[in-house]
Each structure stands twice: as structure tokens, then as C-alpha cells.
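Each chain, letter by letter, is given below.
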Amino acid sequence: MKKIKVALYFPATEVTKPITYHLIKDYDLQINILNADINLNRQGKLVMDMIGTEWNIEAGLKYIEDQGLKYKLFTKSIIWQEEGCVHCGACTAVCPSGALQMDKESWNLTFDKEKCMICELCVKACPLKVMCVSV
Ligand code: SF4
Ligand code: SF4
């Protein structure tokens, strides 16, 4: 099984298409939606993990293209250099996915990579530059 992270871009005319339904049903893919910004009057964006066999993922991406949608694969990842972190929480204020949170008991930062949509906002927000992008 393979896992990729992908952003789909929907033109205004296509935002009502049940794309994820078909990816799951017709291509046997597991879809984990990380972020959805869909507005009926303009372009929509959906960020998701796609898990399946290599063949099914390739077929699913071709299906997306055939529907007239654009997509972008995320090849980078976010690295938290924990030893340099002072747990100030500034990055949690900008994180749109909830990947960065303060632990309610210890008030230490926690980072859930699975939820990260690689928007890089935390990289800009961290005053100590301990959030970095790796390729
Ligand atoms: S902004 Fe930087 S120093 Fe502050 S909690 Fe986040 S990673 Fe740690
Ligand atoms: S890149 Fe940083 S701000 Fe963006 S989702 Fe990932 S952890 Fe949150």
C-alpha cells in the first residue's frame, strides 16, 4: 500500500461533483480529508491523504484529471526540531489543520504529522525557526 498527500483544485463549475465518492467506490482508495475550502461561486480546494495500491492511486489521479480537475502532489514534509522548541504556541495559532496543538496538561507543543497539510504557515510563524520544510 502507498500513501500520498494531494491537493485537488475544483473550478467553480465542478465543486458539486462527488469526486471522493468515486475515488473510494471505483478505485478502492482510502481518503482522509485534511482540509476543504469549497465555495460554490469560486474555485474549491481539497487537501487529502490517498491510500491504496500504486495502480489504484495512479488510476485515481487519472480519473481526477479526466474530470477536468487539477491536482498537486505534496512531496515535502514538515520537520519539528523539538529540542529547539520553547513551546510558546505561536505556531498553533496559524495551523489550519490542528496538526499543531498545545497539550492541555503539560502545555507542551504536540505535532501530529498525519494531520499536517504542508501549508508552511508554521515555518513562517515560528520565531525560533524550529519548524522547517524537508524535501
Ligand atoms: S512557534 Fe516555534 S518555538 Fe513556538 S511552539 Fe511553535 S515550534 Fe515551538
Ligand atoms: S505546515 Fe505547519 S501550519 Fe501547516 S498544517 Fe502543517 S503543521 Fe500546521
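Our structure's up above, just so we're on the same page.
Let us look at the structure shown here. (Residues numbered from 1 in each chain as written. Chains lettered and ligands numbered in written order. Predicted model: local features only at pLDDT ≥ 70, side-chain atom pairs only at ≥ 80, totals over all residues. Heavy atoms only, no water.)

**Section: the overall build of the chain**
No. 1: In terms of helices and strands, the chain carries 3 helices and 8 strands.
No. 2: Its helices and strands in sequence order give the chain the pattern β-α-β-β-α-β-β-β-β-α-β, from N to C terminus.
No. 3: Across its three principal axes, the chain shows a C-alpha extent of roughly 45 × 35 × 30 Å.
No. 4: Scored against the burial criterion, the 135 residues of the chain give a buried share of 36%.
No. 5: The contacts of the chain with a sequence gap of at least 6 include a subset with a gap of at least 24, amounting to 65%.
No. 6: Positive and negative side-chain charges of the chain, numbering 16 and 16 respectively, have mean locations separated by a distance of 6 Å. (Helix = DSSP H or I, 4+ residues; strand = E, 2+ residues; numbered from the N terminus. Buried < 20%, exposed > 50% of the residue type's maximum accessible area, 1.4 Å probe, protein only. Contact = heavy atoms within 4.5 Å. Lys, Arg positive; Asp, Glu negative; His and termini not counted. Charge placed at Lys NZ, Arg CZ, Asp CG, Glu CD.)

**Here's the deal with the site of ligand 2**
No. 1: What surrounds ligand 2 is a group of 13 residues, the closest being Cys95, Cys116, Cys119, Glu120 and Cys122.
No. 2: Among the residues making up the shell around ligand 2, the classes are represented as 11 nonpolar, 1 polar and 1 charged. (Near = heavy atom within 4 Å. Nonpolar A, V, L, I, M, F, W, Y, C, P; charged D, E, K, R; others polar.)

**Considerations on the pairing of strand S3 (residues 44-52)**
No. 1: S3 sits mainly inside the fold: 7 of its 9 residues count as buried.
No. 2: Sheet topology note: the strand S2 (residues 30-37)/S3 ladder contains 7 bridges and is antiparallel. Following the sheet pairing, Asp37 is matched in S3 by Lys45. (Pairing = 2+ DSSP bridges.)

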